[in-house]
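# Coordinates in review
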Amino acid sequence: MNKARSRRVGLFGGTFDPVHIGHLRSALEMAEQFEFDELRLIPNFRPPHRDTPQVKPEQRLAMVELAAAGVDPLVVDDRELKRDKPSYTIDTLESLRGELEVQDQLFLLVGWDAFCGLPAWHRWEELLEHCHIVVLQRPDADSEPPEDLRDLLAARSVADPKAMTGPAGQITFVWQTPLAVSATQIRQLLSQGRSVRYLVPDAVLNYIEAHGLYQASH
C-alpha cells in the first residue's frame, strides 16, 4: 500500500486592509516556487503589533474572497476572524495542525520586518514546532537579523528552500522583489477621491466602490 504523499500547505496572513496585487502576486509566486497544494490567505482579526484595521473584519474577508476566487491554489481561511481576540499566529498554527495529517508540511510566510520582530510574538519559540518559516527578503532589507534570532538561525536555517524536510522546524530565506504597492498608499488615494484601478483586482475595486470604503470622513 502506498503511503499518502504529505501535503504542502502555505500560510500567508495579513490585515488585507485592503488586499491588493502586491499581496496576491507575492502569494502566487510563493505557491509556485514551493509547489503548495494550497496557500491559505488568513485575514487577521486584530493584529497584536499593528493598528486596528480601518474597515470591518467581514468586509476585509469579503475582499480577500473576491480576490482569490477561482485562483488555484489560493484558499481563504477565516479562522482568525472567528476568534474575537488578537490574532496570535501560534493559536492559528495549533488549530491548523489539529486538522492536518501529522506528516503534512506547513510553511508560514513572513516578510523580513515581521521576521526580525519575531521575539516579540506570543510564544514565538514554539512556532517551529508546528511549521517551517519562509522569510521573504526584499533587496533593501537590512542584512543582519536581531541577536535573539541568531542562535535559532544557526540551528534551523536551510540555504536551499527545496531542501526543507519534515512537517516543521526549519527556516529558509527567499529573495523577492515585491510590487511597489501598499495598503496604506491605496487607502490614501481613496481618501483623496483618486482611482486605485490596477492596484487591486477589479472585483475588489467594485466592492470598495459599492460599499464606499476608505473614503475621507466628512
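- The protein is annotated in an unreviewed UniProt entry as Probable nicotinate-nucleotide adenylyltransferase of Pseudomonas nicosulfuronedens.
- In its Catalytic activity (unreviewed entry) section, UniProt records this for the protein: "nicotinate beta-D-ribonucleotide + ATP + H(+) = deamido-NAD(+) + diphosphate".
- Under the Sequence similarities (unreviewed entry) heading, UniProt states for the protein: "Belongs to the NadD family."

### Looking at the side chain of Arg 8
- Among the secondary structure elements, Arg 8 is positioned in strand E1 (residues 8–14).
- The side chain of Arg 8 is buried and forms no salt bridge, while Glu 35, the nearest opposite charge, is found at 5.3 Å.
- Every residue in contact with Arg 8, bar those within four places of it in the chain, is listed here: Phe 34, Glu 35, Phe 36, Asp 37, Glu 38, Gln 105 and Phe 107.

### Notes on the nonpolar core
- Formed by 38 residues in total, the largest nonpolar core has its most connected members in Val 19, Phe 34, Phe 36, Leu 39, Leu 41, Met 63 and Val 196.
- When contributions to this core are tallied by element, the ones reaching two or more residues are helix H1 (21–34), strand E2 (38–43), helix H2 (57–68), strand E4 (105–111), strand E5 (132–137), helix H8 (183–191) and helix H9 (202–211).
- Excluding its chain neighbours within four sequence positions, the residues that come into contact with Val 19 are Leu 24, Met 63, Val 64, Ala 67, Val 200 and Val 204.
- With 24 residues, the next largest nonpolar core counts Ile 90, Val 110, Cys 131 and Ile 133 among its residues.

### Focus: H9
- Residues of H9 that are buried include every one of Val 204, Leu 205, Tyr 207 and Ile 208, and no others. The buried residues of H9 occupy one face: seen down the axis, they fall within an arc of 160 degrees. Among the exposed residues of H9, those pointing more than 90 degrees away from its buried face are Glu 209 and Ala 210.
- Summarising the contacts, the buried residues of H9 are in contact with H2 and H8.
- In the stretch just after H9, Gly 212 is the one whose phi turns positive, near 60 degrees.

### Some details on the pattern of salt bridges
- As enumerated under the stated definition, the model contains 14 salt bridges in all.
- Across the salt bridge formed by Arg 7 and Glu 38, the nearest N and O atoms sit 3.3 Å from each other. Here Arg 7, found in the segment before E1, pairs with Glu 38, found in strand E2; they are 31 residues apart in sequence, far enough to count as distant.
- According to the relative accessible area criterion, Arg 7 is partly exposed, its value standing at 32%.
- Arg 187 is the partner of Asp 17 in a salt bridge, and the nearest nitrogen-oxygen pair spans 3.7 Å. A residue pair is termed long-range when its members are at least 10 positions apart, and Asp 17 in the loop between E1 and H1 and Arg 187 in helix H8 qualify at 170 residues.
- Because the salt bridges share partners, they merge into one network encompassing Arg 7, Glu 38, Arg 40, Asp 77, Arg 79 and Glu 99.

### Remarks on the sheet that holds strand E6 (residues 171–175)
- Strand order in the open sheet formed by 6 strands is E3-E2-E1-E4-E5-E6, with parallel pairing between adjacent strands. Only two strands of the sheet have a single partner each, and these edge strands are strand E3 (74–76) and E6. Strand after strand, the sheet turns through a mean of 30 degrees between neighbouring axes, direction not considered.
- Pairing between E5 and E6: 5 bridges, direction parallel. From the neighbouring strand, Val 135 faces E6, where its bridge partner is Phe 173.
- Here helix H4 (residues 89–97) sits on the sheet in contact with E1, E2 and E4, set at roughly 160 degrees to E4.

### Quick look at the packing of aromatic side chains
- Per the counting criterion, the structure on display carries 7 aromatic pairs.
- Residues Trp 112 and Phe 115 carry aromatic rings whose centres are separated by 6.3 Å and whose planes lie at 40 degrees to one another, so their mutual orientation is tilted. Placement of both Trp 112 and Phe 115 in helix H5 (residues 112–116) is noted, with a separation of 3 residues, approximately one turn of the helix. Here the two residues Trp 112 and Phe 115 agree in accessibility, since each one is buried.

### What about the pairing of E5?
- In terms of residue burial, E5 counts as a mostly covered element, since 6 of its 6 residues are buried.
- Burial along E5 is two-sided: His 132, Val 134 and Leu 136 facing one way and Ile 133, Val 135 and Gln 137 facing the other are all buried.
- Judged from the 5 bridges that link them, E4 and E5 form a sheet pairing that is parallel. Paired with Val 110 across the two strands is Val 135, which belongs to E5.

About the thresholds
- Residues numbered from 1 in each chain as written.
- Predicted model: local features only at pLDDT ≥ 70, side-chain atom pairs only at ≥ 80, totals over all residues.
- Heavy atoms only, no water.
- UniProt positions renumbered as here; feature names shortened; annotations may be inferred.
- Helix = DSSP H or I, 4+ residues; strand = E, 2+ residues; numbered from the N terminus.
- Buried < 20%, exposed > 50% of the residue type's maximum accessible area, 1.4 Å probe, protein only.
- Lys, Arg positive; Asp, Glu negative; His and termini not counted.
- Salt bridge = Lys/Arg side-chain N within 4 Å of Asp/Glu carboxyl O.
- Contact = heavy atoms within 4.5 Å.
- Core = buried A, V, L, I, M, F, W, Y, C linked by side-chain atoms within 4.5 Å.
- Arc of directions from axis to C-beta.
- Pairing = 2+ DSSP bridges.
- Axes fitted to C-alpha atoms, helices over the stretch in contact; angles between N-to-C directions.
- Phe/Tyr/Trp six-rings, centres within 6.5 Å; stacked < 30°, edge-to-face > 60°.

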